[in-house]
Amino acid sequence: MFPHPGAILCYHSITTESLASESPVNVGLDEFLSDLDLLSLSSRIVPLRELVARHQAGRSIRGLVAITFDDAYHALLAAASVHLQQRDVPITVFTCSG
């Protein structure tokens, strides 16, 4: 499998049985973990700031992936944070404030 030219994956929120959502923009925890497994085959997950800095400096971002989440829903912390820490996966969370 050849490395891709670099990517930013944007997620909205994570769902589980106890943190259900009917919104089609949310992804189930199992599906998200499968995404991480697939990414590990051909990519290196890096912080968004690193991917952007490399791109702005004209350096290659080949094979690099940044993962972002919108809105900082509680489910992200409750459902996915342990898995992200165990896998040492950096993410960027865009939060909204009132």
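This text goes with the structure placed above it.
What you see is a predicted model; the values in this text were computed from it and never measured.

Procedures and definitions
- Residues numbered from 1 in each chain as written.
- Predicted model: local features only at pLDDT ≥ 70, side-chain atom pairs only at ≥ 80, totals over all residues.
- Heavy atoms only, no water.
- Core = buried A, V, L, I, M, F, W, Y, C linked by side-chain atoms within 4.5 Å.
- Buried < 20%, exposed > 50% of the residue type's maximum accessible area, 1.4 Å probe, protein only.
- Helix = DSSP H or I, 4+ residues; strand = E, 2+ residues; numbered from the N terminus.
- Contact = heavy atoms within 4.5 Å.

Chemist: I tried to follow the nonpolar core on my own but got confused; where do I start?
Modeler: Across soluble globular proteins, nonpolar side chains show a tendency to be buried alongside one another. One finds I14, F32, L36, I67, F69 and L84 to be the most contacted residues of the largest nonpolar core, which totals 17 residues. Where this core is concerned, the elements lending two or more residues are α1 (29-42), β5 (64-70) and α3 (74-87). When residues of this core are assigned to their parent elements, the largest contribution, five residues, is made by α1. The contacts of F32, once residues within four sequence positions are left out, are Y11, I14, V27, I67, F69 and L84. Listed in part, the six residues of the second largest apolar core include V46, L51, I61 and L64.

Chemist: Honestly, unusual backbone geometry in this entry has me stumped. Any pointers?
Modeler: Backbone phi values are negative for most residues with the exception of glycine, while trans is the configuration of most peptide bonds. Its identity as a non-glycine residue notwithstanding, D88 has a phi of 55°, on the positive side. Note that D88 resides in the loop between α3 and β6 (92-94).

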